[in-house]
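Summary of structural features
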Amino acid sequence: MEIVTFAGIFLFLYITYFYFRYFTRPNPLPGPFPLPFIGTAFQIGLDPRKWAEKNLNDSIDIWEFYVGPFRVIVPCNVKYLDKIYLLYNGAKNLSRESKFFKRGVAAYDEVGMLRGIMFNNVFHKWKRSRQFVTRILMSKKYHYGFINSVQKIFKVFEKQWDENDITTLDFSKWVTCYKAKVTIVTIIGQPLYNLSSFDSISKAASEYIALFAFLVFVPKCISNIVMLFGFNTVKKNSMFLNGTMRNIIQNRRNEIKNGSTTSFNLLDLLLVSNSSNDSEEYIEGEQPMDDDEIENNLAESTATSIETISNTLCFLIYNVVKNPSILEKIHAEILKIFGSDINSTITYETLESCRYIDAVVKETLRHSNPVPYNLRMLDDDERTDKFDWSPGTWFWIDHRRIMNDPNHWKEPTKFNPDRFLSEENGGTDEFSKICKNGYVPFGGGLRICPGRILALIELKMLIVLFFRKYNIELVNENEPIKYVYRATYQVHDLMIRISQK
Ligand code: HEM
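Residues numbered from 1 in each chain as written. Predicted model: local features only at pLDDT ≥ 70, side-chain atom pairs only at ≥ 80, totals over all residues. Heavy atoms only, no water.

The name given to the protein chain in an unreviewed UniProt entry is Cytochrome P450, and the organism recorded there is Gigaspora margarita. Per its UniProt entry, the protein chain bears the Cofactor (unreviewed entry) comment "heme". (UniProt positions renumbered as here; feature names shortened; annotations may be inferred.)

Taken together, the side chains of F6, F10, L11, I15, L35, F37, I38 and F42 define a hydrophobic patch exposed on the protein surface, amounting to about 810 Å² of accessible area. Of note, L35 is situated in the loop between α1 (2–23) and α2 (41–44). The partly exposed category is assigned to L35, whose relative accessible area is 35%. (Patch = residues over 30% accessible without salt bridge, like charges linked within 9 Å, V, L, I, M, F, W, Y side chains within 5 Å. Areas by Shrake-Rupley, 256 points an atom, 1.4 Å probe, with all protein chains shown as cover. Salt bridge = Lys/Arg side-chain N within 4 Å of Asp/Glu carboxyl O. Helix = DSSP H or I, 4+ residues; strand = E, 2+ residues; numbered from the N terminus. Buried < 20%, exposed > 50% of the residue type's maximum accessible area, 1.4 Å probe, protein only.)

In this structure's numbering, the residues bearing the UniProt feature "transmembrane region" (unreviewed entry) are residues 6–23 and 208–231. Taken end to end, residues 6–23 has its terminal C-alpha atoms 26 Å apart, with 100% of it in helix and 0% in strand.

Here we take up the site of the ligand. Near the ligand you find 27 residues, and of these W126, R130, R376, R447 and C449 are the closest. Contact between the ligand and W126: an oxygen atom at 2.8 Å from a side-chain N or O atom of the residue. A distance of 2.8 Å separates an oxygen atom of the ligand from a polar atom in the side chain of R376. Broken down by secondary-structure element, the contributors of at least two residues to the shell around the ligand are α4 (123–137), α10 (291–321) and β4 (373–377). (Near = heavy atom within 4 Å. Polar contact = N/O pair within 3.5 Å; in protein donor to acceptor, adjacent residues only side chain to side chain.)

Taken from the UniProt record, the annotation "binding site: heme" (unreviewed entry) applies to C449. Note on placement: C449 falls in the loop between α14 (399–402) and α15 (452–467). Accessibility expressed as a relative area gives 25% for C449, which makes it partly exposed.

Here we take up the nonpolar core. One finds F171, W174, I330, F466 and F467 to be the most contacted residues of the largest nonpolar core, which totals 136 residues. Ranked by residue count, the leading element in this core is α10, at 14 residues. Each residue touching F171, except ones within four places of it in the same chain, is listed here: L313, C314, I317, F466, L494 and I496. Formed by 5 residues, the second largest nonpolar core is a distinct cluster that contains Y14, F18, Y22 and Y66. (Core = buried A, V, L, I, M, F, W, Y, C linked by side-chain atoms within 4.5 Å. Contact = heavy atoms within 4.5 Å.)

Strand order in the open sheet formed by 3 strands is β3-β11-β8, and the pairing between neighbours is antiparallel. Each edge of the open sheet is held by one strand with a lone partner, namely β3 (166–170) and β8 (470–474). When strand polarity is set aside, the average angle formed by the axes of neighbouring strands in this sheet is 25°. Alignment of β8 against strand β11 (residues 495–500), held across 5 bridges, turns out to be antiparallel. For L474, the partnering residue across the bridge sits in β11 and is I496. Packing of helix α5 (residues 140–162) onto the sheet brings it into contact with β3, β8 and β11, and relative to β8 it is tilted by some 75°. Along the sheet face, helix α6 (residues 171–188) touches β3 and β11 and points at about 85° away from the line of β3. (Pairing = 2+ DSSP bridges. Axes fitted to C-alpha atoms, helices over the stretch in contact; angles between N-to-C directions.)

Once that is clear, we can look at the side chain of E158. Inspection of the secondary structure puts E158 in helix α5. With residues near it in sequence (within four places) discarded, E158 still touches K469 and Y470.

Looking at the secondary structure, you find G104 in the loop between β2 (70–75) and α4. Take G104: its relative accessible area is 0%, and that puts it in the buried class. For the pair formed by G104 and N120, sequence separation is 16 residues and the distance between their alpha carbons is 9.6 Å.

Quick look at the structure:
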């Protein structure tokens, strides 16, 4: 009886405290009315933007929702981004913490958050990993190796399609399988012999990202309860990416120690970074990475690149196939730059001269961004536009809405790559006039995506590889593209017919 009374009093006090905080919150904004413990989960579901589209007036450019006890502010206008996407506080290197550096609540070391980049909230640990990984992902040498690998892997798929007149496939499934192969070669550098299929990597990638997103949002006391009710299976699946890599890293470290030459994959390059074998640029004051750090960073890059590139490519193919005039311009550029040989080698330099194809990729990332939101947390007192915020406030930046804002983009819902071309190249030059932070597919400031150049390279390559040789049709031409939100927009059931030209 005493326990029931105690629980009742606790519940009453908690609910009173929750609503006291709610009704006295600074800067009350529009948003669904929250319930204690679950916040606005019932009203909003998984995708906040869908709720906003149905329930909020278009003129509302900042609103709020609750994840459990956390108040989350959703800025949908560039005017709120200035301080959030501040570039290094004016300094050239990462010497000072940004006030908006953190993502979410806690760092969970048991799933490697403290040693990776994406969800690492400990500045000096994040900075260390970020420097090692960024140096490689942004290097030209890595890009050259990457371009070769993509072409080799694509050839294997081509063979299967060339055997048939027409192949019908679910592109959303195909692309995760393709991307898992590319990722393994370019990140890990060798086959994962103990995997039953590439599907399992894609599945693990998706669950890895979803798990991290969940842990970042949910206080540990609640996530521990959820784990008790079956969430452990998801955790096990996502941990699998880490576990699978452990042996490979140790073997590879020994092979390199015994004289094996290094290749241009992320694993080899991280193993030799700052070691005596490292002939490349040195990161001042840093010890080489240990196996744990490498493992977490490889798992993170594997998961991130599969999830982002696969879904962007689905949106890209869908938008291009729906727009014959855009496809025609792509064909013209391919012919001009690569000639009529549909098997000619694609190089870094030829890709760089593909202006229209570059514009198609950039427009896809604006119009149909697969990473619609970005999470940052304020660590100090700060003002954004007319609002003063206190430490601990969360910001769920709505990239999709910002990049489709009719006040900044002309006819934003229209898929129009010409925006990204200058007038002398036949475009409208809209992009060069866009305001600061009006185009943020890769986030911004201190934590801007380190895979951004690589992503652009791969997406441009895939346009050339597909459209110079194949006709692609949508099986259900009149159906809108189907996708769900799970940390990225995940496209599903995108049926296409593919045949040689
Ligand atoms: C179309 C492809 C991609 C998109 C749209 C994308 C988007 C993003 C966004 C929005 C962020 C958050 C940045 C911020 O907080 O300001 C991010 C971070 C990150 N991305 Fe990407 N990304 C893509 C591809 C990749 C690839 C290919 C890799 C790795 C090979 C990668 C690795 C990362 C990592 C490690 C972070 C965390 C950075 C940090 O917190 O410091 N991304 N990405």
